[in-house]
Amino acid sequence: MADDTLRIDRSAKTLRTLALERMREAIMDFHFQPGERLVERPLCDQLGVSRSVVREVLRQLETEGLVQMIPGHGPAVAKPDLGRTDEIYELRALLEGIAAKACAASATDDQIALLDAALAKLLEAWASGVPAEVMRATASFYEVLFEAADKRIAWEIVTGLNVRINQLRSMTILSQNRREPAIAEMHAIMDAIRSRKPEAAEAAARRHVETAWQIARDALRLGSL
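Given the structure is predicted, the values throughout are model-derived calculations rather than measurements.

A.B. asks: What is the right way to read the overall build of the protein chain from this model?
C.D. replies: Counting its secondary structure elements, the protein chain contains nine helices and two strands. Along the protein chain, from the amino end to the carboxyl end, the secondary structure elements read α-α-α-β-β-α-α-α-α-α-α. Along the first, second and third principal axes, the C-alpha atoms of the protein chain reach 65 × 55 × 30 Å. By the burial criterion, 44% of the 225 residues in the protein chain qualify as buried. Looking at the protein chain alone, contacts between residues at least 24 apart form 74% of all its contacts between residues at least 6 apart. A total of about 12,300 Å² of accessible surface is found on the protein chain, and carbon and sulfur atoms cover 52% of it. Treating the 30 positive side-chain charges of the protein chain as one cloud and the 33 negative ones as another, the clouds have centres 2 Å apart.

A.B. asks: I'm lost on the packing of helix α5 (residues 109-128) against helix α6 (residues 131-149) in this one. Help?
C.D. replies: Two packed helices can be described by the angle between their axes and the distance between those axes. Interaxial distance between α5 and α6 falls to 8 Å at its minimum, and their mutual angle equals 170°. The angle between α5 and α6 falls in the class roughly antiparallel. Where α5 abuts α6, its residues Gln-111, Leu-114, Leu-115, Ala-118, Leu-119, Lys-121, Leu-122, Ala-125, Trp-126 and Ser-128 lie against Glu-133, Val-134, Ala-137, Thr-138, Phe-141, Val-144, Leu-145, Glu-147 and Ala-148.

A.B. asks: Quick question: what am I supposed to make of empty space enclosed by the protein here?
C.D. replies: In this approach, a probe sized like a water molecule rolls over the atoms, and the result shows the empty space that is left. One pass over the structure, following the stated rule, counts three cavities of 30 Å³ or more. Space inside the largest cavity adds up to approximately 140 Å³. In terms of lining residues, the largest cavity is bounded by 13 residues, among which Trp-126, Arg-169, Ile-173, Arg-178 and His-208 are the most central. Contributions of two or more residues to the lining of the largest cavity are made by α5, α6, α7 (152-174), α8 (179-194) and α9 (198-222). Examining the composition of the lining of the largest cavity, we find that three residues originate from one element, α7, more than from any other. Approximately 40 Å³ is the volume found for the second largest cavity. Forming the walls of the second largest cavity are Glu-96, Ala-139, Tyr-142, Trp-155, Val-158, Asn-162, Ile-165 and Arg-169. The biggest single contributor to the lining of the second largest cavity is α7, with five residues. Here the lining of the second largest cavity is composed, by residue class, of five nonpolar, one polar and two charged.

A.B. asks: Explanation requested: the packing of helix α4 (residues 82-106) against α8 in the structure shown.
C.D. replies: Two elements in contact, α4 and α8, have axes whose closest approach is 8 Å; the angle formed by their N-to-C orientations is 35°. From α4, Ala-100, Cys-103 and Ala-104 reach across to α8, where they touch Ile-189, Ala-192 and Ile-193. For the contact of α4 with α8, the per-class residue count stands at six nonpolar, no polar and no charged.

A.B. asks: I keep staring at the side chain of Arg-178 and nothing clicks. Help me out?
C.D. replies: Positionally, Arg-178 belongs in the loop between α7 and α8. Of note is the side chain of Arg-178, whose polar atom sits 2.8 Å from the side chain of Glu-185. Leave out the neighbours within four places in its chain, and Arg-178 touches Trp-126, Thr-172, Ile-173, Glu-185, His-208, Thr-211, Ala-212 and Ile-215.

A.B. asks: I would appreciate a short explanation of the pairing of strand β1 (residues 67-70) in the present structure.
C.D. replies: Strand residues, when the strand is regular, have side chains that alternate between the two faces of the sheet. Where β1 meets strand β2 (residues 74-77), four bridges bridge the pair, whose relative direction is antiparallel. What sits directly across from Ile-70, in β2, is Gly-74. What sits between β1 and β2 in their antiparallel hairpin is a turn of three residues, with Gly-72 showing a positive phi close to 85°.

A.B. asks: Sorry if this is basic, but what is going on with the pattern of salt bridges here?
C.D. replies: Side chains that carry opposite charge are capable of pairing whenever their charged atoms lie near each other. Summed over all chains, the structure comprises 17 salt bridges. Where Arg-24 meets Glu-64, a salt bridge forms, and the shortest distance between an N and an O atom there is 2.7 Å. Of the two residues, Arg-24 sits in helix α1 (residues 10-28) while Glu-64 sits in the loop between α3 (51-63) and β1, which places them 40 residues apart along the sequence. With a relative accessible area of 13%, Glu-64 lands in the buried category. In this structure, the salt-bridge partner of Asp-109 is Arg-196, at a minimum N-O distance of 3.2 Å. Here Asp-109 is found in helix α5, whereas its partner Arg-196 is found in the loop between α8 and α9, with 87 residues between them in sequence. Given the relative accessible area of 60%, Asp-109 is considered exposed. On the accessibility criterion, Arg-196 (33% relative accessible area) is partly exposed. Among the charged side chains, a salt-bridge network with shared partners connects Glu-40, Arg-51 and Arg-55.

Analysis parameters
- Throughout this description, residue numbers start from 1 for each chain and increase along the sequence as written.
- Totals for whole chains, interfaces and linings use every residue, but because this is a predicted model, local features are given only for residues with pLDDT of at least 70 and side-chain atom pairs only at 80 or more, for both listing and counting.
- Hydrogens and water molecules were not included; the side-chain quantities draw on all heavy atoms of the structure.
- Only DSSP runs of H or I covering at least 4 residues are called helices, and only runs of E covering at least 2 are called strands; the numbering of each starts at the N terminus.
- Relative accessibility decides the category of a residue: with a 1.4 Å probe and only protein chains considered, values under 20% of the type maximum give buried, values over 50% give exposed, and everything between is partly exposed.
- In what follows, residue pairs with any heavy atoms lying within 4.5 Å of each other are defined as contacts.
- Note on areas: these come from Shrake-Rupley sampling with a 1.4 Å probe, and a residue is covered only by the protein chains present in the view.
- Lys and Arg are tallied as positive, Asp and Glu as negative. Neither His nor the chain termini are counted.
- By convention, charge coordinates are those of NZ in Lys, CZ in Arg, CG in Asp, or CD in Glu.
- Lines fitted to C-alpha atoms define the axes, with helix axes restricted to the stretch in contact, and inter-axis angles between N-to-C directions lie between 0 and 180 degrees.
- Every angle not falling under 35 degrees, over 145, or within 65 to 115 is termed oblique; those three ranges are roughly parallel, roughly antiparallel and roughly perpendicular.
- The distinction between a cavity and a pocket rests on a 1 Å grid over the protein atoms alone: a 1.4 Å probe fits inside a cavity but cannot get out, while a pocket stays open yet meets protein on both sides within 12 Å along at least five of seven lines, and a residue with an atom within 4 Å of a point counts as lining.
- Grid points are joined across faces, edges and corners, and a volume is the space filled by probe spheres set on the points.
- Each residue gets one of three labels, nonpolar for Ala, Val, Leu, Ile, Met, Phe, Trp, Tyr, Cys and Pro, charged for Asp, Glu, Lys and Arg, and polar for the others, Gly among them.
- Polar contacts, as used here, are pairs of N or O atoms within 3.5 Å; protein pairs need one atom able to donate a hydrogen and one able to accept it. Residues neighboring in sequence count only if both atoms are side-chain atoms.
- Here a strand pair is declared whenever DSSP counts at least two bridges between the two strands.
- Any carboxyl oxygen of Asp or Glu that lies within 4 Å of a side-chain nitrogen of Lys or Arg is treated as forming a salt bridge with it.

See the structure below:
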């Protein structure tokens, strides 16, 4: 008789992945508010999955920093911590600034064309008014930027932080009057890259992050999350 102990259950894996993606998006879109308890039984009903799948999803989200275990209460949506938020934005400003500078210095015309195309998709996402679309298009733009800059290790670091970055990014995207300044800031980054001005590109990239950083910091201090 064949030993099936190592057989991969593809359907269960797919179901878990789908549930994880749905829960991650729900947290990003503030369907579940920071600090809100995540009770297994209602989640099973809402997602249409078993309790074991829900538990696996919650454990994964805990490792990503989106869920925290509260003693005596169980899992809840994590509240962003001001100190950790500052650290994340410090890293973003540094790494995105380095990438923009390198891109302006050495990117080929074809790579810059790819960046222009990624920016156009980002502008379309902003026009849609759908935060999830904006986050996806933003992540795609930066992936192209880091690739053009040949900063693969830096991108790996950013990718490791992407879930937490997106949680904060979703907050700043939803903030009042953010759309037009954000678009202007992205144009400033691209203008400097096209003009082959490394220092200006770095400054524009850092300025973009620092503006979002201030919005996130103000929101956390006011307790709006």
